[in-house]
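# Coordinate analysis (summary)
Below, each chain spelled out in residue letters.
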Amino acid sequence: SDPGLVERARAAKAALGDRVFVLGHHYQRDEVIEFADVTGDSFKLARDAAARPDAPYIVFCGVHFMAESADILTSDEQTVILPDLAAGCSMADMAAIAQVEDCWEQLEAAGVAGQTVPVTYMNSAAAIKAFTGRHGGTICTSSNARTALDWAFEQVGGVDGTGKVLFLPDQHLGRNTAVRELGLSLEDCVVWDPHRPNGGLTREALEQARMILWRGHCSVHGRFSVDAVETARREIPGVKVIVHPECQYEVVELADEVGSTEKIIQTIAAAPAGTSWVVGTELNLVRRLAQQFPDQRISFLEKNVCYCSTMNRIDLPHLVWALESLVEGRVVNPIRVDPTVAAEARAALDRMLALPG
Ligand code: 13P
Ligand code: SF4
């Protein structure tokens, strides 16, 4: 990256000292990660956002829903800044609050809402988290989805009973967790399509379902294919396949390991030298892993999958702009969640933070 910009980022951070706390998600570019005080997966960053209550400014290098969650979980005196407001998440955009409210009304009309608990993936707008809090549900991330689902089913008579979970908005994480970790069957899972009347489901299908999965997916992870796993197994003897749980069920079923970004890093860090890996997650992280662990052979699962374009929007020029503005006494791109929405969303986030483990 541009040496002039690196120098400016260093100088601005030094000038701000303890007044700024920079958080970086594992999918961020190297040039940005270099300036992060803390790096992590979504769960770790949600927990760590409140770790420096004395810092008036939190610069969040990640995507919009993460910055919103940081705003909700930190004090009113702290300001969360997203260096580029266009850093959204296509999956989070697949669930709009009006669609989710409509879905819930239909569940009420079908008489199943009373035995349904919403579990919402962190990758969602604050309004969806607020909906979740209002209806007694919890947020989850890819690192605690199993515990969150266990908790949710406990609220409605246990996983062996007849209660249901409405899982928003990633159908793959919901299905992978329910089937692979809780022992539900694929037939127990139905997909609610917000673009079809009644979600595209009959009343009977809704009554029988245990997992009502929102029809959302990640535009990056959804593209990893069974074919790519099979090719890697053919071409690389002894290869270990590790993927993120946002990948399709069929892909996860063929993998050796599955986990959040943090778990992927820890698993590779703990493996013996000479291990061959193909990794099915975002490319910035896979490239960094290959550099960090040169005694292992680490490659990207699928040639034609690319970076998460919105994560990549946070680059060094945007970070320098945000930091230098603060030095000059100007706050650019603050993320401020409406207080009513924030209070309800916080209830759902706190429930997640209180889950065991
Ligand atoms: P992690 O929670 O594993 O960091 O994943 C976040 C994300 O956006 C994955 O696409
Ligand atoms: Fe959203 Fe997928 Fe990008 Fe994660 S990788 S931020 S889920 S689009």
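Residues numbered from 1 in each chain as written. Chains lettered and ligands numbered in written order. Predicted model: local features only at pLDDT ≥ 70, side-chain atom pairs only at ≥ 80, totals over all residues.

An unreviewed UniProt entry lists the protein under the name Quinolinate synthase, from Terrabacter carboxydivorans. Here is the UniProt Function (unreviewed entry) comment for the protein, exactly as written: "Catalyzes the condensation of iminoaspartate with dihydroxyacetone phosphate to form quinolinate." Taken from UniProt, the Pathway (unreviewed entry) comment for the protein reads in full: "Cofactor biosynthesis; NAD(+) biosynthesis; quinolinate from iminoaspartate: step 1/1." (UniProt positions renumbered as here; feature names shortened; annotations may be inferred.)

This brings us to the overall build of the protein. For the protein, the count of helices and strands is 15 helices and 14 strands. The C-alpha radius of gyration computed for the protein amounts to 21 Å, which stays within 12% of the reference 21 Å derived for 357 residues, consistent with globular compactness. Expressed along its principal axes, the backbone C-alpha trace of the protein runs to roughly 65 × 55 × 35 Å. Per-residue burial over the protein gives 49% buried out of 357 residues. When contacts within the protein are restricted to residue pairs at least 6 apart in sequence, those whose partners lie at least 24 apart make up 67%. (Helix = DSSP H or I, 4+ residues; strand = E, 2+ residues; numbered from the N terminus. Rg over C-alpha atoms; globule rule 2.2 N^0.38 Å. Buried ≥ 20, exposed ≤ 12 C-beta atoms within 10 Å, placed from the backbone. Contact = placed C-beta atoms within 7 Å.)

Often, the extent of an interface is quoted as the loss of accessible area on bringing the components together. When its domains are assigned, the protein resolves into domain 1 (3-89 + 311-336), domain 2 (92-218) and domain 3 (221-300). Here the C-alpha centre of domain 2 lies 31 Å away from the C-alpha centre of domain 1. With 10 residues of domain 1 in contact, the opposing surface of domain 2 contributes 10 residues. Breaking the side of domain 1 that touches domain 2 down by element, the ones donating at least two residues are α3 (42-48) and α4 (64-73). At four residues, the largest contribution of residues to the side of domain 1 that touches domain 2 is made by α4. Residue classes in the side of domain 1 that touches domain 2 are distributed as five nonpolar, three polar and two charged. (Domains from an automatic or database assignment. Nonpolar A, V, L, I, M, F, W, Y, C, P; charged D, E, K, R; others polar.)

Under the UniProt annotation, the feature "binding site: iminosuccinate" (unreviewed entry) is placed at H25, S42, Y121, M122, N123, S142, H244, P245, E246 and T261. Summarising the element assignment, N123 is placed in the loop between β5 (116-121) and α6 (126-134). Looking at where E246 falls in the secondary structure, it is placed in the loop between β10 (240-243) and α11 (249-254). Among the residues examined, E246 registers 27 C-beta atoms within 10 Å and is labelled buried. Beyond its immediate sequence surroundings of up to four residues, E246 is in contact with S142, D170, H172, L173, C218 and H221.

The subject of this paragraph is the site of ligand 2. Residues in contact with ligand 2 amount to 14 residues; listed here are only the nearest, C89, M91, C218, V220 and C308. Its residues assigned to classes, the shell around ligand 2 comprises seven nonpolar, five polar and two charged. Here the shell around ligand 2 spans two domains, since at least three of its residues come from each of domain 1 (3-89 + 311-336) and domain 3 (221-300). (Near = placed C-beta within 6 Å.)

Per-residue pLDDT for the protein has a mean of 97; in total, 100% of the residues score no lower than 70. Reported confidence for the predicted complex is 0.97 by ipTM and 0.97 by pTM. (pLDDT = per-residue confidence, 0-100.)

Let us look at the sheet that holds strand β9 (residues 211-214). With parallel pairing, five strands are arranged side by side in an open sheet as β6-β5-β7-β9-β8. Only two strands of the sheet have a single neighbouring strand rather than two, namely β6 (138-140) and β8 (189-192). Shown here is a sheet whose adjacent strand axes are inclined to one another by a mean of 25°, direction ignored. Of the strand pairs in this sheet, β8 and β9 are connected by four bridges, and their pairing is parallel. When the sheet's bridge partners are listed, V191 is paired in β9 with L213. Its contacts with the sheet put helix α15 (residues 339-353) on β5 and β6, and the angle it makes with β6 is roughly 60°. (Pairing = 2+ DSSP bridges. Axes fitted to C-alpha atoms, helices over the stretch in contact; angles between N-to-C directions.)

Between helix α5 (residues 97-109) and α6, whose axes approach to 9 Å, the crossing angle comes to 25°. Taken together, the axis directions place α5 and α6 in an arrangement best described as roughly parallel. Between α5 and α6, the contacting residues are I97, V100 and E101 on the first element and A127, I128 and F131 on the second. (Parallel < 35°, antiparallel > 145°, perpendicular 65-115°, else oblique.)

So, on to the site of ligand 1. In the vicinity of ligand 1, the contacting residues are H26, D41, S42, N123, T141, S142, C218, H244, E246, S260 and T261. A per-class count over the shell around ligand 1 returns one nonpolar, eight polar and two charged.

Our focus in this paragraph is the sheet that holds strand β14 (residues 334-335). Overall, mixed pairing links the five strands, which are arranged β2-β1-β3-β4-β14 in an open sheet. Of all strands in the sheet, those with a lone pairing partner are β2 (38-40) and β14, marking the two edges. Relative to β14, strand β4 (residues 79-81) is paired through two bridges, and the arrangement is antiparallel. Along β14, the bridge assignment pairs I81 with P334.

In this section: the nonpolar core. With 117 residues, the main nonpolar core has L23, I58, F60, V243, V279 and L319 as its most contacted residues. With residues near it in sequence (within four places) discarded, V243 still touches F224, V251, V252, A255, V258, G280, T281 and L301. (Core = buried A, V, L, I, M, F, W, Y, C linked by C-beta atoms within 7 Å.)

Within this numbering scheme, the UniProt entry marks C89, C218 and C308 as carrying the feature "binding site: [4Fe-4S] cluster" (unreviewed entry). In summary, the annotated positions, though distributed over 220 residues, converge in three dimensions, the widest C-alpha pair being only 9.4 Å. Within the secondary structure, C89 sits in the loop between β4 and α5. Exposure remark for C89: the 23 C-beta atoms within 10 Å place this residue in the buried category. With residues up to four places along the chain from it excluded, the contact list for C89 reads V63, H64, F65, N123 and T310. Among the structural elements, C308 can be located in the loop between β13 (297-300) and α14 (316-327). Judged by C-beta crowding, with 24 C-beta atoms within 10 Å, C308 ranks as buried. Among residues more than four places away in sequence, those in contact with C308 are Y27, V220 and E282.

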